[in-house]
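Structural overview for review
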Amino acid sequence: MSATIEILTQLHRSNGQFVRLDLPAAELAELQQLGYSIEAHPHLGYRLVAGPDRLMADDLRARLQTKIIGREILVFEETTSTNDVVERLARSQVQEGLVVFAESQTKGRGRHGRAWASPRGKGLWFSVLLRPKFPLPRLTVAASVAVARVAGQAARIKWPNDVTLDGRKLAGILTETRQATAILGIGLNVNCRAEDFPADLRPLVTSLPCADRPGLAAQVLTELDALYVQAATDFPAITAEWARLCTTLGKQIAVQIGDRRIDGHAQALDEDGALLIRRDTGQIERVLGADLVVERT
Ligand code: BTN
């Protein structure tokens, strides 16, 4: 662990309280230069008052105690799409758990080739390289639960993988695969304003206000790590939580997959993470994703 990560770890873990640290003046000046506000006391040591509203790899590492996710973290000021960066890195033997954040994306993309607005210094736009040893759809289910947990009590999940607040989209998940590698891309709107989104999307989207965006990023990674481990060992516990949060279950829905339409009752998730839809005929359809989902009343 680098000296900077060590110091930041101690400062973060002391939760705003003073902590005795061996903090050379040059190192303190460097942290202050980065935007950390640190109070020094002759007897009590140092206290982190506030950190910069910037994602920084060392800072994020220092906040984490995860098993897999975040073992390595990269932060780009700007990139095309963090999913593309992870895809390139996946070709070399990078270990799973690598997380790539971008403060802005010029070609952020959503599902079905849609563009994903990724304004600079707002939101959490990131991708994780994983090699899951369980059915892939479980990953998206686990990820949506992780995001919903940190988004607070009012957050809900709309199948297949939107996290919503008051019926508006707060976060989206784009999982892509390259051989045995999964690229889990997550976009979570934080501190965004209406002008940050294309005009036609404004009535449909929302954003989480947050005074500590790096802290929120660390929380998402922490929840994701716990749920990633649990997805292999106890997926039913995750589906139970997902079902409590999901607004699609129990509804009559119509899903469009290519030129195929399925009408029926959204019943449950199966052990792979696929949605089971009961048609009016009683027949059960197993669906992994759809081009269009319409709730029927
Ligand atoms: C969706 O709901 O359509 C999925 C949106 C996924 C957006 C994230 S932002 C980070 C990562 N990089 C991308 O280009 N897309 C995902």
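Here's a quick rundown of the structure. (Residues numbered from 1 in each chain as written. Predicted model: local features only at pLDDT ≥ 70, side-chain atom pairs only at ≥ 80, totals over all residues. Heavy atoms only, no water.)

In this section: the pairing of strand β7 (residues 162-165). Every other side chain in a regular strand lies on the same face of the sheet, so the side chains alternate between the two faces. On β7, burial covers both faces: Asp162 and Thr164 on one face and Val163 and Leu165 on the other are all buried. Bridging between strand β6 (residues 156-158) and β7 involves three bridges; their strand directions are antiparallel. From the neighbouring strand, Arg156 faces β7, where its bridge partner is Thr164. Taking the residues that link successive antiparallel strands as the turn, the β6-β7 hairpin has three residues. Sheet analysis places β7 next to strand β8 (residues 168-178), joined by four bridges and oriented antiparallel. Bridging from a neighbouring strand, Val163 pairs with Ala171 of β8. Joining the antiparallel neighbours β7 and β8 is a turn of two residues, in which Asp166 adopts a positive phi near 50 degrees. (Buried < 20%, exposed > 50% of the residue type's maximum accessible area, 1.4 Å probe, protein only. Helix = DSSP H or I, 4+ residues; strand = E, 2+ residues; numbered from the N terminus. Pairing = 2+ DSSP bridges.)

Further remarks concern the nonpolar core. One finds Phe101, Leu124 and Phe126 to be the most contacted residues of the largest nonpolar core, which totals 61 residues. With ten residues, helix α5 (residues 137-151) is the single largest residue contributor to this core. Setting aside its immediate chain neighbours within four residues, Phe126 contacts Thr82, Val99, Val100, Phe101, Leu184, Gly185, Ile186, Val220, Leu221 and Leu224. Among the nonpolar cores identified, the runner-up in size contains 15 residues, and Leu23, Leu31, Ile38 and Leu48 belong to it. (Core = buried A, V, L, I, M, F, W, Y, C linked by side-chain atoms within 4.5 Å. Contact = heavy atoms within 4.5 Å.)

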